There are 4 protein chains.
Amino acid sequence: MKTQIKVKEGDKALFNNHADFCIGTGRMGLALQEEYQKQLAYVQDIIGFKYIRGHGLFSDDMAIYQRRKGFDGVEHIEYNFTYLDRVMDNYLKLNIRPFLELGFMPEKMASGDQTVFYWKGNTTPPSDYEEWAKLVKTTLSHLIERYGIEEVKKWPIEVWNEPNLPGFWKGADMQEYFKLYRCTALAVKEVSCELKVGGPAICGVDDERWMREFLRFVQSLNVPLDFVTRHHYTSCQLQIDGHYSYIDLHKPSEAFAVLEKSREIVDSFSEFKGMDIHITEFNTSYVPNAPIHDTNLNAAYVAHMLSKLGDKHASYSYWTFGDVFEEMGVAYTPFSGGFGLVANGIIPKPTFWTFAFFKELKGEAVFKSENAVIVKTEDGSYKGCAWNPDFYCEGNELNINVSLPCTEGQNYSLLIKTVDEECCNPLKVWHDLGEVATPKEELNKLLRDAAKPQITTKLLQGKDSVAFDLLLTKNAIKYFELKAVTIKSDRGYSYERTMAQHVEL
Amino acid sequence: MKTQIKVKEGDKALFNNHADFCIGTGRMGLALQEEYQKQLAYVQDIIGFKYIRGHGLFSDDMAIYQRRKGFDGVEHIEYNFTYLDRVMDNYLKLNIRPFLELGFMPEKMASGDQTVFYWKGNTTPPSDYEEWAKLVKTTLSHLIERYGIEEVKKWPIEVWNEPNLPGFWKGADMQEYFKLYRCTALAVKEVSCELKVGGPAICGVDDERWMREFLRFVQSLNVPLDFVTRHHYTSCQLQIDGHYSYIDLHKPSEAFAVLEKSREIVDSFSEFKGMDIHITEFNTSYVPNAPIHDTNLNAAYVAHMLSKLGDKHASYSYWTFGDVFEEMGVAYTPFSGGFGLVANGIIPKPTFWTFAFFKELKGEAVFKSENAVIVKTEDGSYKGCAWNPDFYCEGNELNINVSLPCTEGQNYSLLIKTVDEECCNPLKVWHDLGEVATPKEELNKLLRDAAKPQITTKLLQGKDSVAFDLLLTKNAIKYFELKAVTIKSDRGYSYERTMAQHVEL
Amino acid sequence: MKTQIKVKEGDKALFNNHADFCIGTGRMGLALQEEYQKQLAYVQDIIGFKYIRGHGLFSDDMAIYQRRKGFDGVEHIEYNFTYLDRVMDNYLKLNIRPFLELGFMPEKMASGDQTVFYWKGNTTPPSDYEEWAKLVKTTLSHLIERYGIEEVKKWPIEVWNEPNLPGFWKGADMQEYFKLYRCTALAVKEVSCELKVGGPAICGVDDERWMREFLRFVQSLNVPLDFVTRHHYTSCQLQIDGHYSYIDLHKPSEAFAVLEKSREIVDSFSEFKGMDIHITEFNTSYVPNAPIHDTNLNAAYVAHMLSKLGDKHASYSYWTFGDVFEEMGVAYTPFSGGFGLVANGIIPKPTFWTFAFFKELKGEAVFKSENAVIVKTEDGSYKGCAWNPDFYCEGNELNINVSLPCTEGQNYSLLIKTVDEECCNPLKVWHDLGEVATPKEELNKLLRDAAKPQITTKLLQGKDSVAFDLLLTKNAIKYFELKAVTIKSDRGYSYERTMAQHVEL
Amino acid sequence: MKTQIKVKEGDKALFNNHADFCIGTGRMGLALQEEYQKQLAYVQDIIGFKYIRGHGLFSDDMAIYQRRKGFDGVEHIEYNFTYLDRVMDNYLKLNIRPFLELGFMPEKMASGDQTVFYWKGNTTPPSDYEEWAKLVKTTLSHLIERYGIEEVKKWPIEVWNEPNLPGFWKGADMQEYFKLYRCTALAVKEVSCELKVGGPAICGVDDERWMREFLRFVQSLNVPLDFVTRHHYTSCQLQIDGHYSYIDLHKPSEAFAVLEKSREIVDSFSEFKGMDIHITEFNTSYVPNAPIHDTNLNAAYVAHMLSKLGDKHASYSYWTFGDVFEEMGVAYTPFSGGFGLVANGIIPKPTFWTFAFFKELKGEAVFKSENAVIVKTEDGSYKGCAWNPDFYCEGNELNINVSLPCTEGQNYSLLIKTVDEECCNPLKVWHDLGEVATPKEELNKLLRDAAKPQITTKLLQGKDSVAFDLLLTKNAIKYFELKAVTIKSDRGYSYERTMAQHVEL
C-alpha cells in the first residue's frame, strides 16, 4: 500500500509524549538480582525512564516487616530496611525513581492466607489497620531520613494493585479497599503533606463502577487524592498450550474506548476534573507467558498506543522493562513471552526499540496519524516514527512518502532506523538456531547483535520540500531524523571519487 | 550472475588460514596512546591476533637510547625502558605478542639526518655498529629479564624495514643493509640462540634482485637466518588530490605473481627451501591517505587475498589494525583513508569483518574458488566465506547457490552475516551525515552501530544435501555457518503459532 | 611476651596448605543476587578459591523441580535449569567450581513439611526415591551436556547436609539417610562413573557413631564412596541477646581432638584407610548472628586452624565467603555476626586476610609452631604467617624474633602485612561512626579503606642469618615475605639523600 | 612537642580554600596517553579539580597548525583539531575544564629555532603576528562551535608561559611579550567578549619589574585584562647528581613575601585593585627530577602553603597532577622526583592526600595557625587538617590537643586519616623492595596499597567541649572529622560484649 504524509510549515498536531515517564518491573525483591540490574542498566542507558513501578514492596522477600518471638519470650515487631535500601540505592544510581506501590501484605500482618502468583504475594487485608498504617509511616519516614524529603516527595505513592480483581484483593471487596485507601492516604500525609498519593489502581474489570465509587468515596470523606491510576491491557481471550498463552489483540479503537470512559468519569467530578490519570500498567497481553510480547507485531502495536496514550493521560507505564519476573514461575527459555522490553541475556526485544524511538520524539508535534507521528525539534530538524502493525494495511507492505518543509538549496541528512521481522527479530534467530533453553554467553552475544535496528542514511536536497520514502514491511517500525547539514569536505576528499575506485580489469 | 557451489562428502581444498597470525600497527610510540589501546582492545576482543608488528622500536619517542652530557661533564649512554615496558605489558595483557622490527635509528646513534615520515624516523645506518649491536643486545636482554626466555623466544625478530627503498634506508644501499643484518643477527643470537631472526623486509621494488642477493650473502657468510620476510601492496599508481590519494587496484592474478617469484627464489637455495616466508606487511594501497581502505571494495578484495596468501606463506600481516597513525601526519577526519581495520572513534571498517570472518574458518577446507572458501569443523558443521569484489562479476550482483552434504531428515541452522555497501558501510553513513571532522561520542556510537554485519538465519532441511543461496551485492562479503540442530521446543511453544497471532479486525 | 623462631638451612615442617581449596556460601538461590556476585568476585580476585559449596541446590527458589497440573488437566513433572545455569555460568566465570551438595528437598517431592531456616529448606526424605534419583540424574546429565564431562567430573558431589541433626534431616534418621545415600550414589554413578560422590556430611553431634555406621553400611553393601565429609565448629555455648549470639571459643586442642577421632575411624576400615576427608564446613561459631565472626580474634583463631587442618584432611571449607545469607533472616546491619569473610558493602573482615595470607604460603614448609608457619618458595624467598589469638599469651603483646638463613653480604627486602585491632578493624570503625544500619556507598568506601592490612617494609642485611621482629598485639595476624634483592639505584639516585632534604631554618 | 588548639563557639578565621580549583599537567600532547588518562581519572575520582592547565597547546605534537606545500605546488595553511578535540572531550568527560595557556610556537610559524625542554617547545615569537592571531581565533572559534559559548566562556585564557625567563621566551624580551599579549588579548575578545584573558604568567625572576611594567602597559593601551597570573616555587639552589636534583626548601615566610609583593603591585593600580591573581603554577621545587616531590616532607610543606595561598589569591595550581611528563626526558623509575601528585603506576604520593584532605575543608573557618586549620560545616560537624613539616618543631613529634565546642551528653564520632613516613610512604616501600625501575602490575598494586592513609576512629563524649589528641610524627599530615552521632544499636547488639568474647582457657 502506498500513502503520503505532507507536512507544511506551521502544521500542528496533538501529541503528548510521556513514553519515557514510567516503566514496570517484576516484584521488588527481584531487584536484588544481578541479571535484573544488568537489564535495567541497559534500559536506562538507551531509554532512560524517569520512574519504575512494581509489586511486592511489603512482600516477605523484601523482609521489611518482622515479627518474631525472641528467646526472651517477647514478640518483637521490627522493620528491616537492608534490602529496601539496597534496591533504592540501585534505582537512584541508575537515575530512576520509584513510583511506589504499597502492597502486598506481609504474611505476619495478613488477615488471611490467600496469595497471588508463583511467588505468593498475600492479597488479604491487614489483620490490624493500625499496624499497616505504622508500617507505611515507618517505611516512608525511613526513606525520607535516608534520601531527604526533597527527593522522596518526587516519588508518587499508589495504594495497592488491582483491588477490583479477587485474585489481587480478597473478594475484590470494594468497601475494604476504600478502608485501606483511606487509612493509607492519611498515613502518607501524616508523614509529610508534600507526599503525593493516589489510586485505585484498577484494571479493566467492572472498572467504570469502581472508578465512580472510588471517587465518590474520596470526595465524600475528603480523603487525600493527588492522582488517579488504572491499568490497560488489550488482548482478547487467551488460548493456552503447555507453558504458553497465545492471544490475538483488540482493535486499537476498542481498546482506547475503555480508557476514555475513565477520563470522562474523573472529569465528571468537579473536584477531580483534569486530575492526572496515570496508567500504571499497560501492555498487549496481561500474562507473562504470551509469546506475542516477543514479536515485532507487539512493537508496532505499542507504537500506535504510545502515539495516543498521552492525549488524555499523564503517563502510561509499560509492564515491564525486563524478564526477571516470576509471576507464573521461572521462564524456561529467554523467549517465553515475558512482558519485558529486554529478554534474559540482556537481549532487547522489538518493543524495546519502540520506546527507544519514541523517547527521541521531543519537540513540537507537526503531524500525527494512525501510523505515524512527526515532531519538529528546537534546532529545526524533524524526527518521526511510523509503524505498520498487521491490522493497518492487513499485513501488507506500506510505503509512506514523507514530505517535509525545507530551504531550497540546503542539503539534508536523513537517518532511518528500522525494526522489522527481517532485520531486527531476535526471536526468529533464536528459533532458527534451535530454541536453546539457556544460551551461553556466546549465543547471547549473537542474539544481541541480531537485535539491533538497521541504520540507513541518505543525503537529500529539495526545493520548498524534501521528500523520501519509508517502506514498512508487515509489523515494521521506523524512526527517522531529517537535519539540515552543510558538508565541508576535507581538502581533496570526494566521496563519489572514493566509491568510483575499482579493480583494474 | 548466478553460480553454484556443490560440496560432496570427502571433498578437499588447499587453504592454509593464517588470517589471525599477525597484524600491523602505527609506530610503537603511539602504543602509549589511549585511543590506540582502545582500538587494539576492540580488535583483540573480536579477532584476536597472535602477533603485532610495526616500526619505531628504537625511534626517539620510545626514549630507549639516551646519550647526554651530564652536569658532571661526562657523556652518559643509557637505556630507558620505561615506555618499552609499558607498551609490552599492554600488548601481553591484550594477548598479543610483538613481532619485533629492529629500527629505526636513534638520532644520537645515526650517521646522517635523513628521516622518513611526518614523525621523522631516522633511516640512516648507525654511526657505530658496535653501539647498535649493544643497543640490540641490551634491549633483548632486558626483555628476557622481564618476561622470561620462554616468552621472548616466541617473538620473531626482523631486521629493519624496506631497505630496498631509499626513503627507508639511506641510498637503498644493499651492502650496508647486509652489514646491518649480519651485525644484528649475530647480536640477537649472542643474547640467546633460541631467539629467531629474519629479513630482509623488502617491498616490491627491485625485489627479486634483493631477495636473491640477500640469500646469497647469508648463505656465503653463514649468517643466522630463521625466516624470510617481505611486503605486498597491490595498488596501481596514486592520483593525489589535497590530502588524499585515490587508486585503482591491480588484478589479483598479477599481484600474486610477484609473491610467487619470491617463493621460487627462496626455494631455489637448497639451504632455504621451504623456509617460512612472512609477509610482514600487506594491504591494497601503501599510503595512509587512500580512501580505498575505508570501502567495502577493500573488504571484498582482501577476502580474496586471505583465501590465497597462505598457499605459500607462513603469515601475512595486514597493515594496520587501527588508525592511530602519523606517517603522513594526523588525520583530519575519521575516514581519511587510513590503513586501519578500525577507524578513529573505534569504528570497525568493512575490512575488519573480513578478518573477523576468516578467523572463524578453522577446520578442514572442503572448497575454495576465486570467490569462496568453505571449511568443515571438528563438530561436523560447515563455515564459509564468499565475496564479490567489483572485478569478479564486473560490479553485478552475484547469487551463489551453496549445496552441502547432509543427513536426511536432520534440521540445519544456517547463520549468515553480511557486510556490504548497504548494510555495513560506516563510510557512507559518515558521508551522508555531513562528513563531520571530529564526531562527538554520540555520533561515533551511531557510526559503530551502523558498522555491524547484518545477521540473518534460516532453518533448513535436506535429503542428501542441504542448499541455500548467498546473494552478494557488489563488494559484498558474506560469512555463513551451517550446523545440525535438533529443536526441542519447550512444552506448548510453537514459533509458527507465535507468528500467526494478529490483531482482530 | 618475647619469643624466637630460628630456622636453619634444611629445616622441614609438616604443613599441608589447602586454605584456598574450598569456601562455603549461602544457599544457591542467593547466587542470583548482585551483592553476592560482587562479594564473590572480590574474594576470587584476592584469594581465588578453587571450589564453592553451599545448600539449596534443589530448594524451590532454584526452581529446578517443577510439578504442576496444566490447563490440560495433566500433571507435568519438569526440570527448569534457567537459574542453575545462570549460577554455574557465574561461578565458572569467576574461576570457581561447585562442590555440589545434593539437597534440600523440593516441596513437591517432599514426604513432610519440616523445614529449616528462615528460608524454609525442606528437610524431609523424598516421598518417592525414584523421583529423587531421576532429579539427581537429570540435573547431572544436564550439567554434563552443558559443560562437558571433563569439567563436571572435577565437581565433587556430596549427599545432603548434616543428617545427624534432626533439624536438617527429619528425625536424624540414620537408616533413612543411608537409603538416601545409596540411592543417590548409585544415581550419580549411573550418569557417569567418572563422577565422585561422598558423605555423610555430618557435624559434631553423635558423630563418631554416625561415621562408623555410615562406613560399615557403605562397606557392607559396596555402595560407591569416593571421599568422606564432615563439619567442624569450635564455639562453646551460645548466649543469646536480641538478634545476636555471643560465644566463647573452645581451646584449639580440644577442638582438634574431635577431628582426629574421625580420621581414626576412617582409617580403621582397610578399604577406606587414607581416604580423603573433606571438612565441608568449618568456622568458630555455627550461627550467622555471632559477632565473633567480625572480630580480629576470629582471624587469629582461624589462622591457627588453617595451620593444622591440612595435617589430616584433604580440605576444609570456611563457612562462608560472604554475608548475603538468610538462614536466620536478613541481617539488620553490615556487622551482624554473619559467617562471611566479606561483610555486606563488600567490606573484608579480618578473617578475610587470614585466607589471603595463607594462600600465599605455597612452597616447602620449614617451620610450624602454635603461632607461626614459614615456607620457603621455589625462588628461595621465605613467606610466613604469625598470629596471636588472645589465648596464646593471654591477651598480651607477643614479640617474635624471626631468624632465617641467608647469604652474607646480600640485601633482603622484608615485607610485612599486619591485621590487628588497631590498623585493620572495620568493625570498630563502623561502631565508632555510629553503627549505621545500612551505610551509603560513601561510608562503605571508608569502611573498605579501613579494612586493609597495614603494609611495612624494611631493607635488611645479615651474616649467616637475617633476623627481624614481628610484634603482634592481641589478636594480631602478620604476614611476611623475605626476598633477596639487589638494589640498582638509578644514576644519581640516593634514598638517604632524598630523605635528608629539609626546610631551611 | 605538645601544643593545644582550643576552639570556642563563634570563633572565626581567615581561610579561603581554593585547593581544588586548578591543577597542572604535562604538555597537552601527553593527554593522548593512556597512563595520563588513568592518572587523571584517579585524581578526579578522589579530589576532583575544576580546572587543568599546562603547556603545549600549540606545540607540534598537537598538530593543530599545519603548513605544507601540496602536490599541487601551493602552500596550504590548515588547522587540524583531531587531537585537540580528543583531549578536550576527555577532560570534560572527567569533569575538568581547561585553563588554556596559549603557547608554545608552532615550528612553521616560529621566528627562530630556540626550544625548551626535552620535547622541544619552540619559544620564539611568531614570525607573523597576524598568523598567530588567526591561529588563536580559529582555535577558539572551533572550540566554541564544538562545545558552545556557555561552556567555553568558563575557560580562562592565559597568554604564554614565564616570558620573564629567556628559556621560555626568547631573550625574555619584555616588549615583545607585551606585543604578543596585546595581539592575543585582542584576538580573544574578537572571538567573543565573554572570553576571559590574562597574563603575564611570570615566575619569580625579576618579577616585580615585570608585573609593574605589564600592568602599566595594559593600562596605558587599554588592553583587555581579566585576571593576573604568576608562578610560585619555593626551593633553594639545586644540587645535581646524575639524573636527580636535590634541594632544600625555603622557609615559608620568605616564600610568601614574594607573593605578597605581587599582590601589592596589582593593588597599587586603581584599575586593577582587587583583581583576581591566579597562581597558575606552584610547587616546592621547579624541576621534575627532584626527589623531594615524592616525600612526606613535601606533603606537609604543601599543606602549609594551601592553608595560606587563598588569603590573597583567587587560585593556585599545583604543578602537576601526574608523572606522565617529559620536560627533562622520560623518567627512569616511578619515583624519580616528578612533579605529580600521582606516580607512574597510578600510585598516589603523600602530597596527593594533602589535596584530598584540603578539598574536604569546605565550610566556615574557625581556626587557623601555622600548622592547622579547622572548619565548621553546614551540618555542624568539624573538619580539620594538621601538619608537621620538619621545620615546624625541628623534626620532632608534635602532639596537638584539639578541643572543640560540643553539646553535653552528646556522642561524637572522631575520624582521623594519617599520612606520614611510617604509614603512607610508597617511596620507602619502593626503595625497600629494591627500587625496581619499571614495576610490574603486581608490585604497582602493592605500592598503591601502601600509599593509602591510615584510618582510625574514636567515640567521644564531652561536657561543653570535646577534646582529642593529634599525634604528628615528623612530616605527618592528619585530617580529622568530628560529627555528633547517636548510636542506635540493633536489638541485642553490644560492641563491648562483642570485643569481650574470648577463647576458653
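Now for a description of the structure that goes with this document. Bear in mind that the values here come from a model prediction, so they are computed numbers and not experimental data.

Some thoughts on the interface of chain A and chain B
With 68 residues of chain A at the contact, the number on the chain B side is 68 residues. Area buried by chain A at its contact with chain B is led by Tyr493(A), Gln501(A) and Val503(A), which between them contribute 11% of it. Scanning the region where chain A abuts chain B turns up two salt bridges. The tally of links from chain A across to chain B stands at 30 residue pairs in polar contact (both at pLDDT 80 or more). Considered class by class, the residues forming the side of chain A that touches chain B number 30 nonpolar, 20 polar and 18 charged.

A closer look at the sheet that holds strand β25 (residues 465-472) of chain A
All names here are of chain A. Reading across the sheet, the three strands line up as β1-β22-β25 and stay open at both edges, with mixed pairing between neighbours. Both outer strands of the open sheet, β1 (2-6) and β25, are each paired with one neighbouring strand and no more. This sheet shows a mean twist of 20° between the axes of neighbouring strands, independent of strand direction. Bridge count between strand β22 (residues 398-405) and β25: eight bridges; the pairing is antiparallel. The partner of Asn 401 across the bridge, within β25, is Asp 469.

Digging into the sheet that holds strand β1 (residues 2-6) of chain D
Residues and elements named next belong to chain D. Pairing in this open sheet of three strands is mixed, and the strands run β1-β22-β25 from one edge to the other. Each edge of the open sheet is held by one strand with a lone partner, namely β1 and β25 (465-472). With direction set aside, neighbouring strand axes in the sheet form an average angle of 20°. Bridge analysis of β1 against strand β22 (residues 398-405) gives five bridges, and the strand direction is parallel. Residue pairing across strands places Lys 6 opposite Ser 403, the latter belonging to β22.

Focus: the interface of chain D and chain C
Contact residues are listed per partner, giving 68 residues for chain D and 68 residues for chain C. For the pair chain D and chain C, the summed buried surface comes to about 6300 Å²; carbon and sulfur atoms form 57% of the total. Taken together, the links from chain D to chain C amount to two salt bridges. Every element with two or more residues in the side of chain D that touches chain C is listed here: β13 (239-241), β14 (244-246), α8 (296-308), β23 (411-419), α10 (426-432), α11 (441-449), β24 (454-461) and α12 (495-500) of chain D. Ranked by the residues each element gives to the side of chain D that touches chain C, the list is headed by α10(D), at six residues. Each residue belonging to the side of chain D that touches chain C can be placed in one class, and the counts come to 30 nonpolar, 20 polar and 18 charged.

Some points on unusual backbone geometry
In this model, Gly103(C) is joined to Phe104(C) through a cis peptide bond whose omega is -15°. With respect to the helices and strands, Phe104(C) occurs in the loop between β7 (100-102) and β8 (115-116). The amide bond that connects Gly199(D) to the next residue, Pro200(D), takes the cis arrangement and shows omega of 5°. Residue position: Pro200(D) is located in strand β11 (residues 197-202). We note that Glu435(B) has phi near 50°; this positive angle belongs to a residue other than glycine. You can see Glu435(B) is positioned in the loop between α10 (426-432) and α11 (441-449). The class of Glu435(B) is buried, set by a relative accessible area of 5%. Of note, the phi angle at Lys120(C) is positive, near 60°, even though the residue is not glycine.

Section: the relation of the copies chain A and chain B
Each of the two chain copies goes to the other by way of a rotation about an axis and a shift along it. Screw-axis analysis of chain A against chain B gives a translation of 0.0 Å along the axis, an RMSD of 0.0 Å, and a rotation angle of 180°. What the rotation and shift describe, once combined, is the action of a two-fold rotation axis. In terms of C-alpha distance to the rotation axis, chain A has Gln454(A) as its closest residue, with the C-alpha 4.0 Å off the axis. Here 100% of the contact residues of chain A are again contact residues in chain B; the copies associate through an equivalent surface.

A few points about the relation of the copies chain D and chain C
Superposition record for chain D on chain C: RMSD 0.0 Å, screw rotation 180°, translation along axis 0.0 Å. By residue overlap, the copies meet face to face through one surface: 100% of the interface positions of chain D are interface positions in chain C.

A word on helix α2 (residues 82-93) of chain B
Three- or four-residue spacings in an α-helix give side chains the same orientation, since the helix completes a turn every 3.6 residues. Between its first and last C-alpha atoms α2(B) spans 17 Å; for 12 residues at 1.5 Å apiece the expected length is 16 Å, and the two agree. Across the 12 residues of α2(B), nine count as buried, placing the element largely inside the fold. Listing the buried residues of α2(B) in full gives Thr82(B), Tyr83(B), Leu84(B), Asp85(B), Arg86(B), Val87(B), Met88(B), Asn90(B) and Tyr91(B). The secondary structure elements touched by the buried residues of α2(B) are β2 (22-25), α1 (34-46), β3 (51-54), β6 (97-98) and α3 (129-147) of chain B together with α1 (34-46) of chain D. In the stretch just after α2(B), Asn95(B) is the one whose phi turns positive, near 60°.

Comments concerning the packing of aromatic side chains
One pass over the structure, following the stated rule, counts 169 aromatic pairs over all chains. The ring of Phe256(B) is capped by Lys308(B), whose NZ or CZ atom sits 5.7 Å from the centre of that ring.

Points about helix α5 (residues 174-191) of chain B
Residues and elements named next belong to chain B. Taking 1.5 Å per residue, 18 residues should reach 26 Å; α5 reaches 26 Å between its end C-alpha atoms and fits that length. Of the residues making up α5, those classed as buried are Met 174, Tyr 177, Phe 178, Leu 180, Tyr 181, Cys 183, Thr 184, Ala 185, Ala 187 and Val 188. On its buried face, α5 sits against β7 (100-102), α3, β10 (157-159), β11 (197-202) and α6 (207-221). Between the side-chain oxygen of the N-cap and the backbone nitrogen of Gln 175 there are 3.2 Å, and the N-cap of α5 in question is Asp 173.

A short note on the side chain of Glu281(D)
Residue and element names in this part refer to chain D. Among the structural elements, Glu 281 can be located in strand β15 (residues 277-283). A distance of 2.5 Å separates a polar atom in the side chain of Glu 281 from a polar atom in the side chain of Tyr 233. What Glu 281 contacts, discounting residues up to four positions off in sequence, is Arg 53, His 55, Asn 161, Glu 162, Arg 230, His 231, His 232, Tyr 233, Ser 317 and Trp 319.

Quick look at the packing of helix α1 (residues 34-46) of chain A against helix α9 (residues 350-358) of chain A
Residue and element names in this part refer to chain A. Two elements in contact, α1 and α9, have axes separated by 10 Å at closest approach and are oriented at 35°. Residues Tyr 42, Val 43 and Ile 46 of α1 form the contact with α9, whose own contacting residues are Phe 352, Trp 353 and Ala 356. Here the contact of α1 with α9 is composed, by residue class, of six nonpolar, no polar and no charged.

A look at the environment of Pro389(C)
Residue and element names in this part refer to chain C. Within the secondary structure, Pro 389 is located in the loop between β21 (382-387) and β22 (398-405). When its relative accessible area of 1% is taken as the criterion, Pro 389 is described as buried. Between the alpha carbons of Pro 389 and Ala 300 there is a distance of 4.9 Å; along the sequence they are 89 residues apart. Leave out the neighbours within four places in its chain, and Pro 389 touches Leu 297, Ala 300, Tyr 301 and Asn 475.

Notes on the pattern of salt bridges
Under the defined criterion, the tally for this structure stands at 136 salt bridges over all chains. Note that Lys308(B) is salt-bridged to Glu370(B), the shortest N-O span being 2.8 Å. With Lys308(B) in helix α8 (residues 296-308) and Glu370(B) in the loop between β19 (364-368) and β20 (372-376), this residue pair connects regions lying 62 residues apart in the sequence. Of the residues examined, Lys308(B) reaches a relative accessible area of 24% and is grouped as partly exposed. The salt bridge partner of Glu75(D) is Arg67(D), with a shortest N-O separation of 3.6 Å.

What about the side chain of Gln39(B)?
Residue and element names in this part refer to chain B. Position of Gln 39 relative to the elements: it lies in helix α1. For Gln 39, a relative accessible area of 0% corresponds to the buried category. Among all residues touching Gln 39, those that are not within four sequence positions of it are Phe 321, Gly 322, Asp 323, Val 324, Val 342, Ala 343, Asn 344, Gly 345 and Ile 346.

Cut-offs and rules
- Residues numbered from 1 in each chain as written.
- Chains lettered and ligands numbered in written order.
- Predicted model: local features only at pLDDT ≥ 70, side-chain atom pairs only at ≥ 80, totals over all residues.
- Heavy atoms only, no water.
- Contact = heavy atoms within 4.5 Å.
- Buried area = accessible area lost by both parts, 1.4 Å probe.
- Salt bridge = Lys/Arg side-chain N within 4 Å of Asp/Glu carboxyl O.
- Polar contact = N/O pair within 3.5 Å; in protein donor to acceptor, adjacent residues only side chain to side chain.
- Nonpolar A, V, L, I, M, F, W, Y, C, P; charged D, E, K, R; others polar.
- Pairing = 2+ DSSP bridges.
- Helix = DSSP H or I, 4+ residues; strand = E, 2+ residues; numbered from the N terminus.
- Axes fitted to C-alpha atoms, helices over the stretch in contact; angles between N-to-C directions.
- Buried < 20%, exposed > 50% of the residue type's maximum accessible area, 1.4 Å probe, protein only.
- Least-squares fit on C-alpha atoms with pLDDT ≥ 70 in both.
- Expected span 1.5 Å × (residues − 1).
- Phe/Tyr/Trp six-rings, centres within 6.5 Å; stacked < 30°, edge-to-face > 60°.
- Lys NZ or Arg CZ within 6 Å of the ring centre and 35° of its normal.

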